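Architecture at a glance
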Amino acid sequence: MKLRFSITSPFVRKCRMVAIEAGIEDKLELAPANAWAADTDLHRDNPLCKVPALVFDDGSTLYDSPVICEYLDSLHSGHKLFPEAGPERWAQLKLQALADGITEAAVQLRIEGNMRPEGARWPTWVERQTNAVNRGLDELERTVGHWDGVFLIGPIAVVASLGYIEFRKIVPDWRQGRPHLARWHATVHNRRSVQETEPKE
Ligand SMILES: N[C@@H](CCC(=O)N[C@@H](CS)C(=O)NCC(=O)O)C(=O)O
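A brief structural summary. Remember, predicted model here, so these are calculated numbers, not experimental data.

Rules and cut-offs
Residues numbered from 1 in each chain as written. Predicted model: local features only at pLDDT ≥ 70, side-chain atom pairs only at ≥ 80, totals over all residues. Heavy atoms only, no water. Buried < 20%, exposed > 50% of the residue type's maximum accessible area, 1.4 Å probe, protein only. Helix = DSSP H or I, 4+ residues; strand = E, 2+ residues; numbered from the N terminus. Arc of directions from axis to C-beta. Contact = heavy atoms within 4.5 Å. Salt bridge = Lys/Arg side-chain N within 4 Å of Asp/Glu carboxyl O. Near = heavy atom within 4 Å. Polar contact = N/O pair within 3.5 Å; in protein donor to acceptor, adjacent residues only side chain to side chain. Areas by Shrake-Rupley, 256 points an atom, 1.4 Å probe, with all protein chains shown as cover. 1 Å grid on protein atoms, 1.4 Å probe; cavity = no way out; pocket = protein on both sides within 12 Å on 5 of 7 lines; lining within 4 Å. Sits in = over half its atoms within 2 Å of the grid points. Nonpolar A, V, L, I, M, F, W, Y, C, P; charged D, E, K, R; others polar.

1. Here we look at helix H6 (residues 179-188)
Listed in full, the buried residues belonging to H6 are Leu181, Ala182, Trp184, His185 and Val188. The arc that holds the buried residues of H6, viewed along the axis, is 160°, so those residues lie on one side. In H6, the exposed positions angled more than 90 degrees off the buried face are occupied by Arg183, Ala186 and Thr187. If you follow the buried residues of H6, they end up packed against helix H4 (123-147), helix H5 (153-167) and helix H7 (192-195).

This is the structure:
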């Protein structure tokens, strides 16, 4: 199966980290896609024209990243990154939703600051997304003690989010005033799945 990907996408990064943590990365062929290129064919694999999209040998597809991640997790019999049932499952899905939401707001800020023509920018929108990023990071700081013991889908999504914020310099320094989150990030930084998926130009 092929993962339509871009090397800088935090949502793709989640999928790649899940594949590595699940030990199934060799099943995943990476196929580049530029969602923003005028001549892209990505919309054939995802009508929303976004990465990631997973494409099977028969041409059928899966999106978006939470769905792909859970599918990849279903392909192995080791320790599950998506708990199967109960409060632990909801806690992980909620943390993934929070981290993905922070990432989505960060992507909006990147689009607003780098792609939208200067005269068309909307300061109220920028403020709204900036507040979402900062409140989301503060919530991670408040709750990290509840989820720092295991590296499941929630923390994987948090790594992808923080990595993107740092890579695109979305907030001046997310570590400032968030010592617990910063400490946690340092403890997971050396995992192979984190190292091998670092965003780069
Ligand atoms: N909810 C989606 C978000 C995917 C997404 O926003 N991907 C970005 C790249 S980081 C993209 O392809 N953007 C192109 C566009 O918005 O048209 C997911 O979790 O997969």
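Once the structure has been displayed, the description carries forward.
2. Quick look at the pattern of salt bridges
Under the criterion given, the structure shown has 13 salt bridges. Across the salt bridge formed by glutamate 139 and arginine 142, the nearest N and O atoms sit 2.9 Å from each other. Within this pair, glutamate 139 and its partner arginine 142 are both found in helix H4, separated by three residues, close to a single helical turn. We classify arginine 142 as exposed; its relative accessible area is 60%. When salt bridges with common partners are traced through the structure, they connect Arg4, Asp41 and Asp45 into a single cluster.

3. Considering the site of the ligand
Around the ligand there are 13 residues in total, and Ser9, Lys50, Val51, Asp64 and Ser65 lie nearest to it. Note that an oxygen atom of the ligand is positioned 2.6 Å from one of the side-chain N or O atoms of serine 65. Out of a free accessible area of 510 Å², the ligand has 82% covered by protein chains. Placement of the ligand is best described as lying within the largest pocket. Looking at side-chain class alone, the shell around the ligand contains eight nonpolar, two polar and three charged residues.

Shape is all these values report; function is a separate question.
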